[in-house]
Amino acid sequence: MKRHYLFIYFLLSVFQVLASNKEKTVAPPAPVLPVPTERQLAWHEMEQYAFVHFTTNTFTDKEWGYGDESPEVFNPSSEMDVNQWAKAVKDAGLKAIVLTCKHHDGFCLWPSQYTDHSVKNSKWKNGQGNVVKDVSEACKKYGLKFGVYLSPWDRNRADYGSPSYVEYYRNQLRELFTAYGPVFEMWFDGANGGDGYYGGAREKRKISGATYYDWPKTLDIVRKMEPNIVFFSDAGPDVRWCGNESGSAGPANWNTINTDTIYAGKSGISPILNLGDEKGNKWIPAEVDVSIRPGWFYHAKEDEKVKTPENLFEIYLSSVGRGSNLILNIPPDRRGLFHENDVKSLLGWKKMIDEAFKTDLALHAEVKANTYRGSSKNYSAANVTDGKKETYWATDDNISTGNLTIELGSKKTVKYISIQEYIKLGQRVKGFTVFVWKNNSWAEAIKGTTIGYKRILKIEPIETEKVKIEITASKACPLISNISVY
Ligand code: FUL
């Protein structure tokens, strides 16, 4: 009897060795270039964060200060509380705050040693306050990341347009990055409107955006201080603008663009930035910037124009739901607080997201694929519902289509489907269709093009027991890391 057991044990061990050898023999897919860097991957996973626009404009009721504002006008009340901002941001499920440390008017929210045009000459806290320090500390307290917006265009500086201004700008970056880090993202605004105060000159100045700032050198200085930072600007180098300020990434959204094409066609770049470029040679994903109000800065007259939770939910679907990150601006008011209406909308929005995506009906559900790479379980269908981001379903190299059927166990109401590609090895999928099981056959629910980091599809609500995702076109063998059904 004992020998019998030993023999079975022996057979099982042999089988296990053979099976594990078999897994090892199936090579992983080769990357489809370009692929994201580690810091870009970390950025993708953040999905959404807050923008905060605050400066003298808040007190002069402007969107773009001319640069001649007296620092004295910056005077939030004693109620000012950056922890209220951070708490609202955290409660809304946002992961960071990017602060306008200096907007186009040149006023600095920290007491920079390189200018008098800052909080140190404001009435606020008798010139002893420091908004940048306070916000970076509040972020740490609430477990949020901190980001810096420092407008390259400066309508206050007399030397704007000459080389000394570029040195001034770099000195300010050194100040900010040594005192208030870590900084996850640096936001370089592309606006260069021309006219301004410029130390009293009150004239129009034109610079060449491509050469004046000598960006490679500036980025190098910052990267040395903050190696993991991502740089946002119209065209990267880490993150690109989505081409509009209305809250929507492209219906097809490639994380890749070809920067040569962008600079060549400067005037018509918005569509390229919005859609990306399937043949792009650089990984530069899109960020969607939009304000919760019509303006970027607080204006009392817009108190009743705050976007509703429903508006924000639609924006979420057309940004995060299209594989972009969302940066949502919430401008503090003259008290130095997020206005009640804004906080109410934020929380209402969070509630809608929580309700819509509360239960992933596909988590650990049974999945079947019509094909999978080398018949190896390393690449099998079960990887898309195991809740792990490092596992994925893949096909053989010569196969660029395939389908995955998710069994929900019983009839469930389905409203949303979320699909994620394993982007570490490049963005691949060019076309897909979602089907639902209806009246004993497959009915098309929705069609799409790109997937990328995440694609959330809203479908006509249906009671169904299974959902099928058909990949209809892909640059190379498709790699799907996750499918969720809600
Ligand atoms: C634009 C700026 O001109 C606006 O004032 C705002 O800061 C927005 C985020 O970017 O280019």
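Cut-offs applied
- Residues numbered from 1 in each chain as written.
- Predicted model: local features only at pLDDT ≥ 70, side-chain atom pairs only at ≥ 80, totals over all residues.
- Heavy atoms only, no water.
- Helix = DSSP H or I, 4+ residues; strand = E, 2+ residues; numbered from the N terminus.
- Buried < 20%, exposed > 50% of the residue type's maximum accessible area, 1.4 Å probe, protein only.
- Lys, Arg positive; Asp, Glu negative; His and termini not counted.
- Salt bridge = Lys/Arg side-chain N within 4 Å of Asp/Glu carboxyl O.
- Polar contact = N/O pair within 3.5 Å; in protein donor to acceptor, adjacent residues only side chain to side chain.
- Contact = heavy atoms within 4.5 Å.
- Near = heavy atom within 4 Å.
- Areas by Shrake-Rupley, 256 points an atom, 1.4 Å probe, with all protein chains shown as cover.
- Nonpolar A, V, L, I, M, F, W, Y, C, P; charged D, E, K, R; others polar.
- Arc of directions from axis to C-beta.
- Axes fitted to C-alpha atoms, helices over the stretch in contact; angles between N-to-C directions.
- Parallel < 35°, antiparallel > 145°, perpendicular 65-115°, else oblique.
- Left-handed = near helix turned anticlockwise from the far one by under 90°.
- Phe/Tyr/Trp six-rings, centres within 6.5 Å; stacked < 30°, edge-to-face > 60°.
- Lys NZ or Arg CZ within 6 Å of the ring centre and 35° of its normal.
- Domains from an automatic or database assignment.
- Buried area = accessible area lost by both parts, 1.4 Å probe.

Further remarks concern the side chain of D360. Within the secondary structure, D360 sits in the loop between helix 11 (340–356) and strand 13 (366–369). Buried charged residue D360 carries no salt bridge. Nearest counter-charge: K454, at 9.6 Å. In terms of polar contacts, D360 uses its side chain to reach the backbone amide nitrogen of A362, at 2.9 Å. Of the polar contacts made by the side chain of D360, one reaches the side chain of S484; its length is 2.9 Å. The residues contacting D360, other than those within four sequence positions of it, are I483, S484, V485 and Y486.

Here we take up the site of the ligand. Close to the ligand lie F51, H53, W64, H103, H104, Y149, W187, D189, A191, E245, D289 and W296. Residue H53 places a side-chain N or O atom 2.7 Å away from an oxygen atom belonging to the ligand. At a separation of 2.9 Å, an oxygen atom of the ligand approaches a polar side-chain atom of H103. Taking 290 Å² as the accessible area of the ligand by itself, protein coverage stands at 90%. Tallied by class, the residues present in the shell around the ligand amount to six nonpolar, three polar and three charged.

Once that is clear, we can look at helix 5 (residues 131–141). Buried residues of helix 5: V131, V132, V135, S136, A138 and C139, and no others. Projected down its long axis, helix 5 shows its buried positions confined to an angular sector of 160°, all on one face. Seen from the open side of helix 5, the exposed residues pointing more than 90 degrees away from its buried face are K140 and K141. Contacts from the buried residues of helix 5 go to helix 4 (82–91), strand 2 (96–102), strand 3 (145–150) and helix 6 (163–179). Between the side-chain oxygen at the start of helix 5 and the backbone nitrogen of V132 there is a gap of 3.2 Å, and the oxygen is on N130. Where helix 5 terminates, the next one or two residues include G143, which has phi positive at roughly 70°.

The next subject is the environment of R334. Residue position: R334 is located in the loop between strand 12 (325–329) and helix 11. With 246 residues separating them in the primary sequence, R334 and A88 have C-alpha atoms 17 Å apart. Apart from residues lying up to four places away in sequence, R334 is in contact with T58, F59, T60, D61, N75, P76, S77 and Y298. Within the structure, R334 has its side chain in polar contact with the backbone oxygen of F59 (distance 3.2 Å).

Further remarks concern the packing of helix 10 (residues 309–318) against helix 11. Look at helix 10 against helix 11: their axes get within 8 Å of each other, and the N-to-C directions meet at 55°. For the element pair helix 10 / helix 11, the angle class is oblique. The handedness of the crossing between helix 10 and helix 11 is right-handed. Between helix 10, through P309, E310, L312, F313 and Y316, and helix 11, the contact on the second element is made entirely by S345, G348, W349, M352, I353 and A356.

Counting across every chain of the model gives 33 aromatic pairs. Centroid distance Y160 to Y165: 5.1 Å. Interplanar angle 70°. Geometry classified as edge-to-face. As far as burial versus exposure is concerned, Y160 and Y165 are alike and both buried. Joined through ring pairs, the aromatic side chains of Y160, Y165, Y168, Y169, F188, Y198, Y212, Y213, W215 and F231 make up one cluster. Cation over ring: K466 sits above W437, and NZ or CZ is 4.2 Å from the ring centre.

A separate point is the domain arrangement of the protein chain. By domain assignment, the protein chain separates into domain 1 (38–356) and domain 2 (366–485). Tallying the contact residues gives 21 residues for domain 1 and 19 residues for domain 2. Between domain 1 and domain 2, a total of about 1,700 Å² is buried, with carbon and sulfur atoms accounting for 55% of that surface. Our count for the contact surface shared by domain 1 and domain 2 stands at four salt bridges. Among the ionic pairs, E45 bridges to K389, the shortest N-O distance being 3.0 Å. Where the side of domain 1 that touches domain 2 is concerned, the elements lending two or more residues are helix 2 (38–46) and helix 10. Its residues placed into classes, the side of domain 1 that touches domain 2 shows 10 nonpolar, six polar and five charged.

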